[in-house]
Each structure stands twice: as structure tokens, then as C-alpha cells.
Amino acid sequence: MVEKRKPIPVEEAISRVMKYKTIADKEVITIEESFGRFLAEDLIASHDVPAFNRSPYDGFAIRAEDTKEASANHPVRFEVVGEIGAGYVFEEEVMPFQAVRIMTGAQIPQGCDAVVMLELVKELEGQERPAILIKRLFKKGDNISYQGEDTEKGTVLVKKGTQINPGIVALLATFGYSKVSVAKRPVIGVIATGTELLNVDEPLAPGKIRNSNAYMIMAQIDRAGGQAKYYGKLNDDFEACLTATKQALSEVDMLITTGGVSVGDYDYVPVILKELGAEVLFNKVAMRPGSVTTVANLGEKMIYGLSGNPSACYVGFELFVRPVLRQALFNNFPHLRKTKATLGVDFTKPNPFMRLVRSRVDYVDGQLVASPSGVDKSGIVSSLGGADCLMLLPGGTRGYEKGMDIDILLLEDTQGSEWPWSNIVASYK
Ligand SMILES: Nc1nc2c(c(=O)[nH]1)N[C@H]1C(S)=C(S)[C@@H](COP(=O)(O)OP(=O)(O)OC[C@H]3O[C@@H](n4cnc5c(N)ncnc54)[C@H](O)[C@@H]3O)O[C@H]1N2
Ligand code: MOO
Ligand SMILES: [Mg+2]
């Protein structure tokens, strides 16, 4: 008799997976290597920015009080006592009715408290010493970038667990962090199973297909912040699969297999998990695709038996592997970000299970509109290329109509979500 599996709701499956905390480690890398990695410590401002009062314009630094009487009819004359470009400091005290020619970014000289843009002064020619005329009043602080106005020393600028983007790289550089403490990327083993599988560079042969899942999963691991270790493709041979699984488990932080997880004659993953003595968290989820997704735990390691069907495999990774991986990267928003969208097409076929439809989101009049990125069957690979979100269509007896409000999970978003699974409803307009 074929084993009867009991499907559990998607929310429940995710909760079970999230109970397991994969060990998070730190490592120190150079700033050049830091883009895309996850901070292992808060990024703190090590000094004020700017660290000194500076000029935001090319102009003349003056004492504002000297312009008290200045007007178009009564321009006030200033003697130019020096010139500084960014990086230089004017060392003397500036006296009444003196000005220093100053360039953007240069430190405000002592005694000055305002900057007049070059365009607003008249430079006097043929004078013994350089001089300018100013025709209007300036207030103390006009055109000064004050010390600490950008950031004050000690401010937590970016939280631990945040993925480093180009802006964060700029902050690391600003504060002199040439070395950065980041989360070590967990190593995730990938094994593809299936006698039908060919290597990517092999020509097609009768009954055979190329192994696409392994490469897809490795790219998903990379996108989620992990490091993939590929153990190749294996024929549906119990002993070979068991040996490879044991070998991989001794070398990785988590393991993903694809294929052989259902109830077929050559689906060996369930037996291998039994043989290993792994605790199976679930082997059936009330979702389409990916209902056969099986997750187990062995000691500190998670073992993911993802479906062989490409779309099911993809979705299984994003729902169950990504959040565990992100958690190991100290990230507090490990799940795909959920948001509302309008359904762009009819989706009439009801399904008792929650559907996660590979979709593409458009922006129409400021509104997100999601439509399937291809055929919605779990063995389909072509719909994956154009997918940037997954529609969440709860299971039930009714289909869905164009224009309905639905929830979507964003695949390319970098913010993530704490827990996206509350209040999933598709409502009629
Ligand atoms: N009697 C039943 N049959 C099936 C059930 C079921 O409940 N009862 N579930 C179906 C569902 S749903 C899915 S999903 C699949 C899952 O199958 P497996 O995870 O066991 O995967 P395989 O049987 O090995 O392969 C399925 C399909 O995917 C292709 N495949 C496999 N590996 C790859 C790869 N690396 N790259 C690309 N494509 C791959 C394989 O050739 C098959 O076509 O089971 C249903 N059956
Ligand atoms: O697990 Mo299957 O992917 O539901 O189609
Ligand atoms: Mg199978």
C-alpha cells in the first residue's frame, strides 16, 4: 500500500521549520568583499559626519555680522585674506570685514559663520589686495554644513543582520571600517537525484532531461545569502543516494536534495531519511506546487527533500530554506515580503490547496497588478524565468477573478518580512 501522507497548512509547515535555529557564525572580510553580505554587528558611527563645519558651496567664508548694513545700494567691502580648497585648513583667525575664498567641502575658518556663494559677490579688480563686495544680509549659519549634521558619533546606522547594499558600503568606508564583521555564509549541499538527468553540456537523449533544478537551487542559495556546495546528480539508486547524502551531511550546514521525494518506486528520499534516523517535520504541505516537500532535522542540520518538479522545487526553497538561511545570517526579516496586489487575470480553477503562482508584478496607476508568468503546473520550468513574485491564492472551492485583491510574495525584494503569513485573504472587489 502506498503511504498516505497528511498535508499540513503552509503556515504550520513554516512554523515547524523556523523552530530550528541553524548556527550562525561570524567572519571578518574586507570592505571590497562586503557587498551583498549580512552585517554580524550593528554599524555604528565612529565619529561625527561631517567631522568639522564645512562649506557646502564654492564661495567666501565671512563673519555674518559684518553684512548687517549690506544692501544693493550699500554693498559692503571685504578683504580676501586667503584661499582654501577642500582638504586644506585656513589656520588664522578671520577678522572683521575679512573673507576667505573657500571651496565646497573645505573647513570653515575660525571666526567665520556664513558662506556667500561665488555667484552672489562682486569681485573687485585692480585692488592692491583681493576684495569683494557683498550686497545683502547673511545670517549666522547661512550655508554652513555643521559638524554632526549628517550623523552624530555613536548613532546606530544599520542593524546587525542587514544585507550590505552600496549605500551601506559607503557608510563602512566613511567610518573607516576597512574590515567588516559579517555572517559566515552557511554551506548548503545540493544533490540532484534522477536517472533521467543529463548534465547541462550533454545532448538530449530519449527519455532524458537536463538537470536544471541543481543550478536553479544554487542560484537561489546565492540570492538568499548562502554558499552552495554541489554534490552532482545521482541515478535513482538507493545505496548511491544514501552514501552521497551521508558524505554531504558530514561537510555542510544544511542539505538540499531534489527529486525522489514522492511515493514512486524510485523515490528514495523518504527511505534515506528513515535510514539516517532523521526527524521528519513534515512530508506533505497543503500547497501547489510543492505539496510533496519534505523537511527533516538531523542533529543541528536541516535536510530539505525538495520536489523534482522544477516549479515545486523553486517554491519549496523560497518558503522553507530561505528563512532558515536568512535567520542564520542574523536577519530578523527572513521571509519573503508579502504585500497586496490586484489579480491581473481570471484564475478560475479552484484548488483545495493554497496555490503559489509564479507571477510577474506590474505597476499600473500606482497599483501593483500580478499576473502569472506562465503556465501554472508544477512540472513547468518556463514560468520561472519571468517570475518576480508568487501570488498566494488560498485553497477553497471558488476560483479567483481578475480585479480581486490578493497577497503576493516578492522574490527580488531585499527588505524581507518578519512573518508574512497572517491574514492571507483573497477578497472580491
Ligand atoms: N501517485 C502519486 N504520484 C505523484 C504524487 C503523489 O502524491 N502521488 N505527487 C506528485 C507531485 S505533486 C509531485 S511535485 C511530484 C514529485 O516528484 P518527486 O519529488 O518524487 O520528483 P521525481 O519523481 O524525481 O521527479 C518529478 C519530475 O521532476 C523532474 N525532475 C526531477 N529532477 C529534476 C531536475 N534536477 N531538474 C529538472 N527536472 C527534474 C522529473 O524528470 C519528473 O518529471 O510527484 C508527483 N507524483
Ligand atoms: O508537490 Mo507537487 O509540486 O504539488 O505539484
Ligand atoms: Mg517521484
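Residues numbered from 1 in each chain as written. Chains lettered and ligands numbered in written order. Predicted model: local features only at pLDDT ≥ 70, side-chain atom pairs only at ≥ 80, totals over all residues. Heavy atoms only, no water.

- An unreviewed UniProt entry annotates the chain as Molybdopterin molybdenumtransferase originating from Halalkalibacter alkalisediminis.
- Turning to the chain, the UniProt annotation filed under Sequence similarities (unreviewed entry) states: "Belongs to the MoeA family."
- Turning to the chain, the UniProt annotation filed under Pathway (unreviewed entry) states: "Cofactor biosynthesis; molybdopterin biosynthesis." (UniProt positions renumbered as here; feature names shortened; annotations may be inferred.)

1. What about the overall build of the chain?
For step 1, the next point in the chain: The helix and strand tally for the chain stands at 6 helices and 24 strands.
For step 2, the next point in the chain: Rg of the C-alpha trace for the chain: 31 Å, well past the compact-globule value of 22 Å for 429 residues, more than 25% over.
For step 3, the next point in the chain: Buried residues in the chain amount to 47% of all 429 residues.
For step 4, the next point in the chain: Long-range contacts, defined here as pairs at least 24 residues apart, represent 72% of the contacts in the chain between residues at least 6 apart.
For step 5, the next point in the chain: If you sum the accessible surface of the chain, you get close to 21100 Å²; carbon and sulfur atoms cover 50% of it.
For step 6, the next point in the chain: Positive and negative side-chain charges of the chain, numbering 48 and 54 respectively, have mean locations separated by a distance of 7 Å. (Helix = DSSP H or I, 4+ residues; strand = E, 2+ residues; numbered from the N terminus. Rg over C-alpha atoms; globule rule 2.2 N^0.38 Å. Buried < 20%, exposed > 50% of the residue type's maximum accessible area, 1.4 Å probe, protein only. Contact = heavy atoms within 4.5 Å. Areas by Shrake-Rupley, 256 points an atom, 1.4 Å probe, with all protein chains shown as cover. Lys, Arg positive; Asp, Glu negative; His and termini not counted. Charge placed at Lys NZ, Arg CZ, Asp CG, Glu CD.)

2. Quick look at the sheet that holds strand β7 (residues 121-124)
For step 1, the next point in the chain: The strand order β6-β3-β5-β4-β8-β7 describes an open sheet built from 6 strands, whose pairing is mixed. The open sheet has two edge strands, β6 (114-117) and β7, and neither has a second partner. On average, each strand axis in the sheet is inclined to that of its neighbour by 40 degrees, with strand direction left out of account.
For step 2, the next point in the chain: In the sheet, strand β3 (residues 59-62) pairs with β6 via 4 bridges, with the strands oriented antiparallel. For isoleucine 62, the partnering residue across the bridge sits in β6 and is alanine 114. (Pairing = 2+ DSSP bridges. Axes fitted to C-alpha atoms, helices over the stretch in contact; angles between N-to-C directions.)

3. Thoughts on the packing of helix α3 (residues 213-224) against helix α6 (residues 310-328)
For step 1, the next point in the chain: Interaxial distance between α3 and α6 falls to 10 Å at its minimum, and their mutual angle equals 30 degrees. When the axis of α3 is compared with that of α6, the two are roughly parallel. When the axes of α3 and α6 are compared, the crossing they make is right-handed. Contact residues: Asn213, Met216, Ile217, Gln220, Ile221, Arg223 and Ala224 in α3; Pro310, Cys313, Tyr314, Phe317, Glu318, Arg322, Leu325 and Arg326 in α6.
For step 2, the next point in the chain: Taken together, the residues of the contact of α3 with α6 sort by class into 9 nonpolar, 2 polar and 4 charged. (Parallel < 35°, antiparallel > 145°, perpendicular 65-115°, else oblique. Left-handed = near helix turned anticlockwise from the far one by under 90°. Nonpolar A, V, L, I, M, F, W, Y, C, P; charged D, E, K, R; others polar.)

4. Some thoughts on the side chain of threonine 151
For step 1, the next point in the chain: Inspection of the secondary structure assignment puts threonine 151 in the loop between β8 (131-134) and β9 (156-158).
For step 2, the next point in the chain: Excluding its chain neighbours within four sequence positions, the residues that come into contact with threonine 151 are Ala45, His47, Asp48, Val49, Leu157 and Phe175.

5. Considerations on the UniProt feature "domain: MoaB/Mog" (unreviewed entry) in the chain
For step 1, the next point in the chain: The sites that UniProt annotates as "domain: MoaB/Mog" (unreviewed entry) are residues 189-327.
For step 2, the next point in the chain: Secondary structure across residues 189-327 divides into 36% helix and 28% strand, with the first and last C-alpha atoms of the span separated by 18 Å.

6. Some thoughts on the packing of aromatic side chains
For step 1, the next point in the chain: Inspection of every chain in the model, using the stated rule, returns 4 aromatic pairs.
For step 2, the next point in the chain: Ring geometry for phenylalanine 282 against phenylalanine 320: centres 5.3 Å apart, planes inclined by 55 degrees, an arrangement best described as tilted. Of this pair, phenylalanine 282 sits in strand β16 (residues 279-282) while phenylalanine 320 sits in helix α6, and the two are 38 residues apart along the sequence. The pair phenylalanine 282 / phenylalanine 320 is uniform in exposure class, with both members buried.
For step 3, the next point in the chain: Just above the ring of phenylalanine 330 sits the side chain of lysine 160; from NZ or CZ to the centre is 4.7 Å. (Phe/Tyr/Trp six-rings, centres within 6.5 Å; stacked < 30°, edge-to-face > 60°. Lys NZ or Arg CZ within 6 Å of the ring centre and 35° of its normal.)

7. Quick look at the pattern of salt bridges
For step 1, the next point in the chain: Applying the stated rule across the entire model yields 16 salt bridges.
For step 2, the next point in the chain: Across the pair glutamate 318 and arginine 223 runs a salt bridge whose closest N-O atoms are separated by 3.0 Å. One end of the pair, glutamate 318, is in helix α6; the other, arginine 223, is in helix α3, and 95 residues separate them in sequence.
For step 3, the next point in the chain: Note on glutamate 318: relative accessible area 3%, which makes it buried. (Salt bridge = Lys/Arg side-chain N within 4 Å of Asp/Glu carboxyl O.)

8. Thoughts on empty space enclosed by the protein
For step 1, the next point in the chain: Per the stated rule, a full pass over the model turns up 3 cavities of 30 Å³ or more.
For step 2, the next point in the chain: Here the largest cavity is characterised by a volume of approximately 100 Å³.
For step 3, the next point in the chain: Lining the largest cavity are 16 residues, and of these Thr193, Thr245, Thr257, Val269 and Ile272 sit closest to its centre.
For step 4, the next point in the chain: When contributions to the lining of the largest cavity are tallied by element, the ones reaching two or more residues are β11 (187-193), α4 (238-249), β15 (254-258), α5 (269-276) and β19 (301-306).
For step 5, the next point in the chain: For the lining of the largest cavity, the residue count by class is 10 nonpolar, 5 polar and 1 charged.
For step 6, the next point in the chain: Taken as a whole, the second largest cavity encloses approximately 50 Å³ of empty space.
For step 7, the next point in the chain: Lining the second largest cavity are Lys349, Pro350, Asn351, Phe353, Arg355, Leu393, Pro394, Gly395, Gly396, Arg398, Gly399 and Tyr400. (1 Å grid on protein atoms, 1.4 Å probe; cavity = no way out; pocket = protein on both sides within 12 Å on 5 of 7 lines; lining within 4 Å. Points joined across faces, edges and corners; volume = space filled by probe spheres on them.)

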